[in-house]
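Chain by chain, the residues:
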Amino acid sequence: MSLNHLAFIIVVLLAILWFGLLVTEKWELVQIGQPLNRFDQPGIRWQGVWKEVFGQHRVLQERFSGMMHVMMFWGFFIVSIQTVIFFLMGYFL
């Protein structure tokens, strides 16, 4: 085994260790939280999804940067939908 291979293995192992420590830290933060019933008001929750996610309500509070963000969001959204459609057409047709 050469020195390059050994160095690569050490770097990969350190990266895996670091990732594991970060995941453990995040998991401990998640465990602190209290359980919440997210199915109690489905109508109000779906209204919030449509308003905040698809309508980009909070982002539009800043005019210029908000509009740029909305155009980027919807552009990527449309491209993603088209990609899925093309994939399905190619797969099933």
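Residues numbered from 1 in each chain as written. Predicted model: local features only at pLDDT ≥ 70, side-chain atom pairs only at ≥ 80, totals over all residues. Heavy atoms only, no water.

Draft legend 1. The arrangement of the overall build of the protein chain in detail. From N to C terminus, the protein chain includes three helices and zero strands. Across the protein chain, helices and strands are ordered from the amino to the carboxyl terminus as α-α-α. Compactness check: the protein chain gives a C-alpha radius of gyration of 22 Å against a globular reference of 12 Å for 93 residues, more than 25% above the reference. Expressed along its principal axes, the backbone C-alpha trace of the protein chain runs to roughly 60 × 45 × 35 Å. Within the protein chain, buried positions represent 3% of all 93 residues. As displayed, the protein chain has an accessible area near 8900 Å², and 74% of this comes from carbon and sulfur atoms. The protein chain carries 6 positive and 5 negative side-chain charges, and their two centres are separated by 8 Å. (Helix = DSSP H or I, 4+ residues; strand = E, 2+ residues; numbered from the N terminus. Rg over C-alpha atoms; globule rule 2.2 N^0.38 Å. Buried < 20%, exposed > 50% of the residue type's maximum accessible area, 1.4 Å probe, protein only. Areas by Shrake-Rupley, 256 points an atom, 1.4 Å probe, with all protein chains shown as cover. Lys, Arg positive; Asp, Glu negative; His and termini not counted. Charge placed at Lys NZ, Arg CZ, Asp CG, Glu CD.)

Draft legend 2. Representation of helix 2 (residues 42-54) within the structure. Under the 1.5 Å per step criterion, the end-to-end length of helix 2 is 17 Å for 13 residues, consistent within 8% with the ideal 18 Å. A positive backbone phi angle near 55° is found at Q56, which sits one or two residues after helix 2. (Expected span 1.5 Å × (residues − 1).)

Draft legend 3. Spatial organisation of the packing of aromatic side chains. Applying the stated criterion to the full structure yields eight aromatic pairs. With a centroid separation of 5.3 Å and 85° between ring planes, the pair formed by F73 and W74 is classed as edge-to-face. For F73, a relative accessible area of 24% gives the class partly exposed. For W74, a relative accessible area of 30% translates into the label partly exposed. Pairwise contacts between aromatic rings join W50, F54, F73, W74 and F77 into one cluster. (Phe/Tyr/Trp six-rings, centres within 6.5 Å; stacked < 30°, edge-to-face > 60°.)

Draft legend 4. Region of interest: the pattern of salt bridges. Taken as a whole and judged by the stated rule, the model has two salt bridges. Between D40 and R45 there is a salt bridge, and its shortest N-O distance comes to 3.3 Å. Here R45 falls in the partly exposed class, since its relative accessible area comes to 35%. A salt bridge links E52 to R58, with the nearest nitrogen and oxygen atoms 3.4 Å apart. Overall, E52 belongs to the partly exposed group, its relative accessible area being 26%. By relative accessible area, which is 60% here, R58 ends up exposed. (Salt bridge = Lys/Arg side-chain N within 4 Å of Asp/Glu carboxyl O.)

Draft legend 5. Quick look at helix 1 (residues 3-32). Here helix 1 is 30 residues long and its end C-alpha atoms lie 44 Å apart, about the 44 Å a rise of 1.5 Å per residue gives. By the criterion of burial, helix 1 is predominantly exposed, with just zero of the 30 residues buried.

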